[in-house]
Amino acid sequence: MTCRNEVLNAMGRLERRHGKSVFPLAEIVKEVLSHTRQYEESTIRTHISAHMCAQAPVNNAVVTDDLDRVGRGLYKLRYGNPRRNL
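Because the structure is predicted, anything quoted here is derived from the model rather than measured.

The rules behind the values
- Residues numbered from 1 in each chain as written.
- Predicted model: local features only at pLDDT ≥ 70, side-chain atom pairs only at ≥ 80, totals over all residues.
- Heavy atoms only, no water.
- Pairing = 2+ DSSP bridges.
- Helix = DSSP H or I, 4+ residues; strand = E, 2+ residues; numbered from the N terminus.
- Buried < 20%, exposed > 50% of the residue type's maximum accessible area, 1.4 Å probe, protein only.
- Contact = heavy atoms within 4.5 Å.
- Axes fitted to C-alpha atoms, helices over the stretch in contact; angles between N-to-C directions.
- Salt bridge = Lys/Arg side-chain N within 4 Å of Asp/Glu carboxyl O.

Caption draft 1: Region of the structure containing the pairing of strand β2 (residues 67-71). When β2 meets strand β3 (residues 74-77), the two strands line up antiparallel, connected through four bridges. Among the inter-strand pairings, Gly71 is bridged to a residue of β3, identified as Leu74.

Dropping the structure here:
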């Protein structure tokens, strides 16, 4: 499974568990790491804040715009259901 998939799955789990859609970066990273140790914390953070964030500058070859940054260190799924993009 890719890091992107792990983040999307983690966001879905967090939404179901907490009944909200906005989460701090650290909580998303913690959720991913609670299910897999395949990726380093820094890799997960980079995916969330650079590769997957619609508001991030386009400095990378792969940008998916799956997440919206809604505040400092706060993210939500851009398209609702995380399974939609898998």
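Caption draft 2: Local environment of helix α2 (residues 25-35). Buried within α2 we find Leu25, Ile28, Val29, Glu31, Val32 and Leu33. For α2, the secondary structure elements touched by its buried residues are α1 (3-18), β1 (22-24), α3 (41-51) and β3.

Caption draft 3: Up close: the sheet that holds β2. Taking strand neighbours across the sheet as the criterion, the three strands line up as β1-β3-β2 in an open arrangement whose pairing is antiparallel. Unpaired on one side and paired on the other, β1 and β2 mark the two borders of the sheet. On average, each strand axis in the sheet is tilted by 40° relative to the strand beside it, whichever way the strands run. Where β1 lies against β3, three bridges are found, and the strand directions are antiparallel. Across the sheet, Phe23 pairs through a bridge with Tyr75, a residue of β3. Contacts between α2 and the sheet are confined to β1 and β3, with β1 contributing the most and set at about 85° to the helix.

Caption draft 4: Summary view of the pattern of salt bridges. Taken as a whole and judged by the stated rule, the model has five salt bridges. Residue Asp66 is joined to Arg4 by a salt bridge in which the shortest nitrogen-to-oxygen separation is 2.7 Å. You can see Asp66 sitting in the loop between α3 and β2 and its partner Arg4 sitting in helix α1, a full 62 residues away along the chain. Here Asp66 falls in the buried class, since its relative accessible area comes to 2%. Across the pair Arg13 and Glu31 runs a salt bridge, and its minimum N-O distance is 2.8 Å. Taken together, the positions of Arg13 in helix α1 and Glu31 in helix α2 put the pair 18 residues apart, joining distant regions of the chain. The same class applies to Arg13 and to Glu31, which are both buried. What you see here is one network of salt bridges that share partners, running through Arg13, Arg17 and Glu31.

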